[in-house]
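Breakdown of the fold
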Amino acid sequence: MVDKAMSNIHRTRFPLSITKLLFFTLMLLSLILLFLFGSPPSTAAWESSVRQSATPASSKALTVLVTGAAGFVGTHVSIALKRRGDGVVGIDNFNSYYEASLKRARSDLLARHGVLVVNGDINDASLLNSLLEVVKFSHVMHLAAQAGVRYAMINPKSYVHSNIAGLVSVLEACKNANPQPAIVWASSSSVYGLNSKVPFSEKDRTDRPASLYAATKKAGEEIAHSYNHIYGLSITGLRFFTVYGPWGRPDMAYFLFTKNILKGKQVAVFEGPNGGSVARDFTYIDDIVKGCLGALDTASKSTGSGGKKNGPAQLRVYNLGNTSPVPVSKLVSTLEKLLKVNAKKKVLAMPSNGDVILTHANITLARNDLGYRPTTDFETGLSKFVHWYTQYYSSSASRANTV
Ligand SMILES: O=C(O)[C@H]1O[C@H](OP(=O)(O)OP(=O)(O)OC[C@H]2O[C@@H](n3ccc(=O)[nH]c3=O)[C@H](O)[C@@H]2O)[C@H](O)[C@@H](O)[C@@H]1O
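Per an unreviewed UniProt entry, the chain carries the name UDP-glucuronate 4-epimerase and comes from Cajanus cajan. For the record of the chain, the UniProt heading Subcellular location (unreviewed entry) holds the text "Golgi apparatus, Golgi stack membrane". Within the UniProt record for the chain, the comment given under Sequence similarities (unreviewed entry) is "Belongs to the NAD(P)-dependent epimerase/dehydratase family."

Below, the structure is given as structure tokens:
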């Protein structure tokens, strides 16, 4: 009897434990999937949050899709647009070129300003098409790019992926959109390459890039020409000159030097041939933002529709610099003063990996056409950066460890 009862219990328990096992395995799998991919948002909910972020404060305001919105310039431009009443939607792929936590923090800041940043790559044509279908954007501010001059020797394909294929993907989506938005995009001072005549003017030659980065930006300018010519897209390229400021890029010298000086680590100060200085026309982020807004506000409409050109469209390119180059040695001495720490300097010959000796912008064209007038001197701008840096990295000990 006891044996029979026991075998009954075993018989009933066995299938029960299998069911339990299956149940827990399924639960675990779902949790892992949820953790990896997040809960899939419904299309209606996604479209409604995109539309909400894109809604301008008035009928006269712009509706702008900002690519690279969680990037340094993208964040500042998006906030400035939203603040003045424009509708803004961002897109960013949150890649790991530099600390993703900084990009997340920028995206959180944007969310607090009411700007949605869609997580996606500009090479994703169906995502771009969906965004341009859901919202009739008047403008696209295309800032997504693989930045950095020297990294191009380490990961050349990332430059082709973002700066060439990505740009074409954005232009394709814009050309097909109805109405076609006007496009403003980030080119670079690096297109002036090996030119030695300064200040650099938009009329100067740009056929001697010193890095693959510069070559992809120059290619972008030619690609812009062809899309303008064939499809009637209104396109404005902005040649940024070494942009710096709060929420900046950790790969750039001013950011890297600040980190290393505070950690007591050596900083490599490049010098030119015969001990000459290497200098940059460092341009403060708020001035760059004003230039970007000026370009958006003065952009003419694209003329095409349904992928067909209906007449000639605007094609422009502008220098956005500060007009006063600062030697790298001055960058270090200003940081020493602001941080109240002596830097451990190591002077090195500038490596031949893409750098140029001097950049200096002539901004007459941007002043006349965009009302661009940079007002932030280097020391004021750098002190604003240092203030932000110390606040940002002291607000969380864990953050400091990740820098
Ligand atoms: O103007 C531009 O178009 C470019 O400006 C910067 O490029 P770069 O001027 O090389 O900026 P940094 O990498 O911050 O270098 C600034 C200066 O510091 C120097 N440097 C850099 C790194 C280092 O370890 N030591 C050093 O002396 C460089 O030679 C350069 O003169 C950006 O990184 C590019 O993305 C941008 O397109």
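Don't stop here, the text continues.
Considering the overall build of the chain
Within the chain, the regular secondary structure consists of 13 helices and 13 strands. In the chain, the share of contacts with a sequence separation of at least 24, taken over all contacts with a separation of at least 6, comes to 81%.

Some remarks on the UniProt feature "domain: NAD-dependent epimerase/dehydratase" (unreviewed entry) in the chain
Those places that UniProt annotates as "domain: NAD-dependent epimerase/dehydratase" (unreviewed entry) correspond, in this numbering, to residues 64-300. Secondary structure content for residues 64-300 is 42% helix and 18% strand, and the end C-alpha separation is 14 Å.

Brief notes about helix H4 (residues 100-112)
With 13 residues, H4 should reach 18 Å at 1.5 Å per residue; the first-to-last C-alpha distance of 18 Å fits that figure. Those residues of H4 that fall on the buried side of the exposure criterion are Leu102, Lys103, Arg106, Ser107 and Leu110. In a view along the axis of H4, the buried residues occupy a sector of 140°, so they form one face of it. Projecting away from the buried face of H4 at angles above 90 degrees are the exposed residues Asp108 and Arg112. Against the buried residues of H4 lie helix H3 (72-83), strand S2 (87-92) and strand S3 (116-119). At the exit of H4 stands Gly114, carrying a positive phi of roughly 85°.

Comments concerning the packing of H3 against H4
Packed helices, taken two at a time, are described by the angle their axes make and the gap between the axes. Between H3 and H4, the shortest axis-to-axis distance is 10 Å and the interhelical angle comes to 5°. For the element pair H3 / H4, the angle class is roughly parallel. Judged by residue contacts, Thr75, Ser78 and Ile79 of H3 engage Arg106, Leu109 and Leu110 from H4. Looking at the contact of H3 with H4, its residues break down into three nonpolar, two polar and one charged.

Looking at the site of the ligand
Around the ligand there are 20 residues in total, and Ala147, Ser188, Met252, Ala253 and Phe270 lie nearest to it. The dominant element in the shell around the ligand, judged by the number of residues it contributes, is strand S8 (residues 266-271), at three residues. Per-class residue counts for the shell around the ligand are twelve nonpolar, six polar and two charged.

Considerations on helix H9 (residues 285-298)
With 14 residues, H9 should reach 20 Å at 1.5 Å per residue; the first-to-last C-alpha distance of 20 Å fits that figure. Of all the 14 residues making up H9, ten are buried; the element is thus mostly covered by neighbouring parts of the structure. Taken together, the buried positions of H9 are occupied by Ile285, Asp287, Ile288, Val289, Gly291, Cys292, Leu293, Gly294, Ala295 and Leu296.

So, the nonpolar core
In this structure, Val64, Met141, Val184, Cys292 and Leu296 are the most contacted members of the largest nonpolar core, which totals 103 residues. When sequence neighbours within four positions are dropped, the list of residues in contact with Val184 reads His139, Met141, Thr236, Leu238, Cys292, Ala295, Leu296 and Ala299.

Considerations on the sheet that holds strand S5 (residues 182-188)
Pairing is parallel in the open sheet, where seven strands are placed in the order S3-S2-S1-S4-S5-S6-S11. Looking along the sheet, the strands with just one partner apiece sit at the ends: S3 and strand S11 (315-320). On average, adjacent strands in this sheet sit at an angle of 20° to one another, irrespective of strand direction. In this fold H9 packs onto strand S1 (63-67), strand S4 (139-142), S5, strand S6 (235-240) and S11, with an angle of close to 165° to the strand it touches most, S6.

A closer look at the pairing of S3
Pairing analysis gives four bridges linking S2 to S3, with the strands arranged parallel. The partner of Ile91 across the bridge, within S3, is Val118. Remark: the S2/H4/S3 crossover connection has right-handed handedness.

A look at the packing of helix H8 (residues 253-262) against helix H10 (residues 328-339)
For the pair H8 and H10, the least separation of the axes is 10 Å and the interaxial angle reads 45°. Here H8 is positioned oblique relative to H10, judged by the angle of their axes. By crossing handedness, the relation of H8 to H10 is classed as right-handed. Within the contact between the two elements, H8 uses Ala253, Tyr254, Phe257, Thr258, Ile261 and Leu262 and H10 uses Val328, Leu331, Val332, Leu335, Glu336 and Leu339. Each residue belonging to the contact of H8 with H10 can be placed in one class, and the counts come to ten nonpolar, one polar and one charged.

Regarding the environment of Asp281
Topologically, Asp281 is positioned in the loop between strand S9 (279-280) and strand S10 (283-284). The exposure class assigned to Asp281 is buried, which follows from the 25 C-beta atoms found within 10 Å. In this structure, the C-alpha to C-alpha distance between Asp281 and Gly321, residues 40 residues apart in sequence, is 6.3 Å.

So, how was this worked out
- Residues numbered from 1 in each chain as written.
- Predicted model: local features only at pLDDT ≥ 70, side-chain atom pairs only at ≥ 80, totals over all residues.
- UniProt positions renumbered as here; feature names shortened; annotations may be inferred.
- Helix = DSSP H or I, 4+ residues; strand = E, 2+ residues; numbered from the N terminus.
- Contact = placed C-beta atoms within 7 Å.
- Expected span 1.5 Å × (residues − 1).
- Buried ≥ 20, exposed ≤ 12 C-beta atoms within 10 Å, placed from the backbone.
- Arc of directions from axis to C-beta.
- Axes fitted to C-alpha atoms, helices over the stretch in contact; angles between N-to-C directions.
- Parallel < 35°, antiparallel > 145°, perpendicular 65-115°, else oblique.
- Nonpolar A, V, L, I, M, F, W, Y, C, P; charged D, E, K, R; others polar.
- Near = placed C-beta within 6 Å.
- Core = buried A, V, L, I, M, F, W, Y, C linked by C-beta atoms within 7 Å.
- Pairing = 2+ DSSP bridges.
- Right-handed = clockwise from strand over helix to strand, strands pointing away.
- Left-handed = near helix turned anticlockwise from the far one by under 90°.

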